[in-house]
Structures are given as structure tokens and as C-alpha cells.
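Notes for the structure review
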Amino acid sequence: MKIAGPAEGTRARSGLELAPFRGLRYDPDRVGSLAAVTSPPYDVVVRPDGLLHLESADPHNIVRLILPQDTTPAARNQQAADTLHDWLSEGVLTTDPEPGLYVYEQRDGGMLQRGVIGALRLSEPSDGVVLPHEDVMPHVIAERAALMRATSANLEPLLLTYRSTGEVAGTAAVVEHTVQSEPLLATTTEDGFSHRLWAITDPADLAAVQADLSRHQALIADGHHRWATYLRLRAEHPSPSPWDYGLVLLVDTARYPLRVRAIHRLLHQLPVADAVAALTGLFRVRHLAVPLTEALESLADAAAETNAFLLAGDGTFHLVDRPSPDLLARTIPTDHPEAWRTLDATVLHATLLDHVWGIPEDSPAHIAYIHDTAATVEKAERDGGTAVLMHPVREEVVRDLARQGVTMPRKSTSFGPKPASGLVLRALSH
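Here, residues in each chain are numbered from 1, in the same order as that chain's written sequence. Local features are withheld for residues below a pLDDT of 70 in this predicted model, meaning they are given only at 70 or higher, and side-chain atom pairs are given and counted only at 80 or more; totals for whole chains, interfaces and linings count all residues. Processing note: side-chain calculations cover all non-hydrogen atoms of the structure and skip hydrogens and water entirely.

Considerations on the overall build of the protein
The test is simple: Numbering of helices and strands starts at the N terminus; helices are DSSP runs of H or I of at least 4 residues and strands are runs of E of at least 2. Exposure categories follow from relative accessible area, calculated using a 1.4 Å probe and restricted to protein chains: below 20% of the type maximum is buried, above 50% is exposed, and the middle band is partly exposed. Residues are treated as being in contact if the distance between any of their heavy atoms lies within 4.5 Å. Per-residue and other accessible areas were derived by the Shrake-Rupley procedure at a 1.4 Å probe size, with only the shown protein chains allowed to occlude residues. Positive charge is attributed to Lys and Arg, negative charge to Asp and Glu, and no charge count is given to His or to the chain ends. All charge positions are set by atom: Lys at NZ, Arg at CZ, Asp at CG, Glu at CD.
Within the protein, the secondary structure is distributed over 14 helices and 21 strands. Along the first, second and third principal axes, the C-alpha set of the protein runs to 65 × 55 × 45 Å. Per-residue burial over the protein gives 55% buried out of 430 residues. Long-range contacts, defined here as pairs at least 24 residues apart, represent 79% of the contacts in the protein between residues at least 6 apart. Surface summary for the protein: the accessible area is close to 17,900 Å², and the carbon and sulfur share equals 51%. Averaging the coordinates of the 38 positive side-chain charges in the protein and doing the same for the 55 negative ones gives two points 3 Å apart.

Some thoughts on the pattern of salt bridges
Here the idea is simple: oppositely charged side chains can pair when their charged atoms come close. Convention followed: Put simply, a salt bridge is a Lys or Arg side-chain nitrogen that is within 4 Å of an Asp or Glu carboxyl oxygen.
On inspection of all chains with the given rule, the structure shows 18 salt bridges. Among the salt bridges present, the one from Arg114 reaches Glu105, with a minimum N-O distance of 2.8 Å. Taking the relative accessible area as the measure of exposure, Arg114 reaches 11% and is therefore buried. Taking the shortest distance from any N to any O, the salt bridge between Glu143 and Arg144 comes out at 3.6 Å. By relative accessible area, which is 39% here, Glu143 ends up partly exposed. Salt bridges sharing partners connect three or more residues here, namely Glu105, Arg107, Arg114, Glu176, Arg196 and Arg255.

Details of the sheet that holds strand β19 (residues 386–389)
As a reminder of what qualifies: Pairs of strands are assigned from DSSP output, requiring at least two bridges between the strands. Here, axes are lines fitted to C-alpha atoms. For helices the fit covers the stretch in contact, and angles between N-to-C directions go from 0 to 180 degrees.
Spatial strand order, β15-β17-β16-β19-β14-β18: six strands in an open sheet with antiparallel pairing. The sheet is open, and its two borders are formed by β15 (284–288) and β18 (367–370), each paired with just one other strand. Here the strands of the sheet are splayed against their neighbours by 25 degrees on average, with no regard to which way each runs. Pairing analysis gives five bridges linking β15 to strand β17 (residues 317–321), with the strands arranged antiparallel. When the bridges of β17 are listed, Arg286 appears paired with Leu319. Those strands touched by helix α9 (residues 292–303) are β15, β16 (308–312), β17 and β19, and its axis lies near 155 degrees from that of β16.

As for the confidence of the model for the protein
So the rule is basically this: Scored between 0 and 100, pLDDT is the confidence that the predictor attaches to each residue.
Within the protein, residue pLDDT values average 91, and 95% of them lie at 70 or more. Every residue in residues 1–12 scores below 50 in pLDDT, and together they form 19 contacts with partners more than four places removed in sequence or on other chains.

A closer look at the packing of helix α3 (residues 73–90) against helix α4 (residues 138–151)
Applicable threshold: Should the near helix be turned anticlockwise from the far one by less than a right angle, the crossing is termed left-handed; should it be turned clockwise, right-handed.
It is the contact of α3 with α4, at a shortest axis distance of 8 Å, that shows an interaxial angle of 35 degrees. Pair α3 / α4 crosses with right-handed handedness. Residues Asn77, Ala80, Ala81 and Leu84 of α3 form the contact with α4, whose own contacting residues are Ala146, Leu147, Ala150 and Thr151.

A word on helix α13 (residues 373–383)
Basically, it comes down to this: Here a polar contact is taken to be a pair of N or O atoms separated by no more than 3.5 Å, where protein atoms must pair a possible hydrogen donor with a possible acceptor and residues adjacent in sequence count only if both atoms sit in side chains.
Among the residues of α13, Thr373, Ala375, Thr376, Val377, Lys379 and Ala380 are the ones counted as buried. You can read the cap of α13 off the contacts: a side-chain oxygen lies 3.3 Å from the backbone nitrogen of Ala374, and it is on Asp372. One or two steps after α13, the chain reaches Gly384, where phi turns positive at roughly 80 degrees.

So, the nonpolar core
Here is the rule: By convention a nonpolar core is built from buried Ala, Val, Leu, Ile, Met, Phe, Trp, Tyr and Cys residues, the set being connected through side-chain atoms within 4.5 Å.
Counting residues in hydrophobic clusters, the biggest one holds 115 residues, and the most contacted among them are Tyr26, Ile117, Leu160, Trp227, Leu250, Phe309 and Trp357. With eight residues, helix α12 (residues 344–357) is the largest single contributor of residues to this core. If we skip the residues at most four places from it in the chain, Ile117 touches Phe21, Leu101, Tyr102, Tyr104, Leu197, Leu247, Val248, Leu249 and Val424. In terms of nonpolar packing, the next biggest core, distinct from the first, is built from 16 residues, Leu299, Ala368, Ile370 and Ala380 among them.

Digging into the packing of aromatic side chains
To keep it simple, the criterion reads: For Phe, Tyr and Trp, rings pair up if their centres lie within 6.5 Å, where Trp contributes its six-membered ring, and each pair is then called stacked (planes under 30 degrees apart), edge-to-face (over 60) or tilted (otherwise).
Per the stated rule, a full pass over the model turns up three aromatic pairs. The interplanar angle of 50 degrees and the centroid separation of 6.1 Å between the aromatic rings of Tyr26 and Trp87 together place this pair among those described as tilted. Here Trp87 lies in helix α3 and Tyr26 lies in strand β2 (residues 24–26), a separation of 61 residues in the sequence. Each member of the pair Tyr26 and Trp87 is classed as buried.

Overview of helix α5 (residues 171–178)
Given 3.6 residues per turn, any residue in an α-helix points the same way as the ones three and four places further on. The element α5 is largely enclosed, with a buried count of six among its eight residues. Residues Thr171, Ala172, Val174, Val175, Glu176 and Thr178 constitute the buried set of α5. Where the residues of α5 are buried, they touch β4 (101–108), β5 (111–121), β8 (158–162), β10 (194–200) and α6 (203–213).

Examining the pairing of β8
Burial analysis of β8 places five of its five residues in the buried class, the great majority of the element. Alternating residues of β8 divide into Leu158, Leu160 and Tyr162 and Leu159 and Thr161, and every residue in both groups is buried. Pairing geometry for β8 and strand β11 (residues 218–222), over three bridges, is antiparallel. Bridged to Leu160 within β11 is Ile220.

Below is the structure:
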């Protein structure tokens, strides 16, 4: 999909406008531990296993807000709204005394990531300020919008990136001196990541960050559906209003490069044998009787030369590569740059899902998008479906396409580490 960019000759685009807000945060005296109330972002939780695990970790785990469980969508959203109201009334969640931006740090062994959480003024893709790089699914936007309407809150920050010169100046300087002070909170989650959070409330520091970010544009690294939801909800509320802004984490990848991983597909109603049989004469298919780690290495080697995928679900692996040039010519749209036409995700969606297997990509009954590789394989083996394992695309490719206004197929990338949900929330009406 091509998104129209700003017309030539129009005024120069404005940059990022990040506003302070009064964060909602857990009172550590009212919960078992801060680690026990956090969760990965809603779309990373592998249901139902991960959901049940998180719900049992603490009765106040944030998953009860971001993924409420009930019999109907309306009941689920009302449950989340009631839960949020109760937690505010009981003091489980409390509002910080003054508006601020928040420095957020994640550390895992030798990996260190720092960024700034704030309320970002929303903008359309055509403004060239916040760049999407993936298509979105309407039913997910509708689901997220209904939840945000019911709770009147931004429950978890999106992950956005920007690139500075790499010097310790502007935002970077504020971040570096802020982390020398005592954090508001510090915790280590069961995945081994340590998390720390500081508030930026000094007017001079806030001004320095805002002036610096006003010169930058951002790439949506994680949260395309929530960004699209922000835009939908902004349109429903007369401006000016709190809905003109959305909760984000901004990371400077010149200083803190992100990891880029693939998002895999689980095809619920397609057995592996049928998936492989349909590829005869269209792709090369090789059977790999090896462990998952070795199969992924083979996938990486193949993906360096051609479009490649790894199918699983029958207790073994099938390496699929070297698509027929004639097949690609018939199925890949020609009105996009070559970098888009040759993406594995493009070939998967336009050629395999649409043409070969006939799988509707926006039907939850037919397809699921899962970040965890082993979990994708296990679910396929348990349910009799097909896991399609992907090789990640490079960040430079993503950014280059985004700057051209070209979006990648949905769920093409997984940037990380993602911010933990539950460390700071933003209320829009409290």
C-alpha cells in the first residue's frame, strides 16, 4: 500500500510534539510485586497459555485491562472499565502528582535500551511526522477502539523510533543525567529484563526534550493498530481534547539500536501435508529432520539468497524457497518498489496465502500472528495446523520503505525489546 506524502512546495512538516502527562502507576504497597502486575503488549501474549499465567501472577495484573475476558466484546470492555475504576478507587493505581515525561530503561545482560515515554500529538501518515510501515486489520482497530472508549485510557505505550546524530545532546543529554538519579520504580520481570522508570518534571529538561524532538520524525516500530486506533478516536472527539495525543515510548536508535525479529503465522485450518502438496512445481521444498535451532539456521541461509519460509506442525520442518519466477510475476503487484516486491512477507501474503493456499489474511478463524517461534510450532503441532516461520527483515529496509510512503504487509516485523505494559498508563478523563 502506498501512502501519499506531503506535496512538494508545501510548508515544511512539523516534527514530534511530545507532551508531559500525569502518569497512572501501580502503588507497590497494594500489589504483590511490580513484576507480577506487568505484561507484554496485548498482541504478544500467547493465548490462552500466557494469558492464564499472567492472570494468576497477581489479581491486579495489567492483562485484566488490556485483554479482559468475558463472553461478549461489550462485556469484556465493560469489565475492563469497571476494573480500572475499582483499581483507581482502591488506590491500586495512583496518579503522579505533577505532569512529566518518563525515562524508561530496559536491560538484559549486555543489551541496554533507554527511551522517553510521553503523550505524542497525533498526525496522519501524509504529514510525514510519524511513519507507519505495516498495513493494519480493521477488526483489530475496532476491537482496540472499543476498549479505549470504555476505559478512556491509553493502557500501554506504543514503541516508536527516531534517529539522532548520536551525540549526547538534547533529549540524549536529559536522559543521561536523569538516569543518574533514584528511579521511581525498578523491577525485574521473569524474562530476565530489568526495568527502571524516572520522571522528567524540571521545566528546563522538558523544554530541551521538546525542542529536540520537534526536529525529528518517528517510525512506528510496534503498535500500528493502536496508532490507527488513536487516529480513529481523535476523529470522534472535538479538538482540542486529550484524544489529540497518544501514549508512546520514543527510542533513539542511533544510541540504542532495536532488535528486529520476525512475526510468524499459524494457519489453523491447513494441515502441513496439504500446505506442502500445494507447493509442488511452484517452490522448492526440502524436508529437514533437525531441531528447531538448526532449521532456523537453514532458513537464514536460504533467506540470504531468495524468498524462504519454514513450515512446521507435523513434527518436522519443511524449508520452502526458490519460488517460480512465473508464479511471482502473476501474483506480486507491480505498482510498488522492488524492495517491497521482494519481501518475504509480500511473497507470503500475495503469493502463498492469497494465490496458493487461499487463506484470508484478516480472518482470526484461519490465521494467527505469533511472535514466539517455539510457541508457533507447538500450537501447530497441537492443533493440526501449519506454522509458517519467517526470517526477519533488516531495519534499514523498513525505514527506507516507510520514508517512501510504502507500507509492508501486516505483521511483517517485530521490533524489540518492547515496553512492558503496566509500568505507566495515561488516563484521558480522570
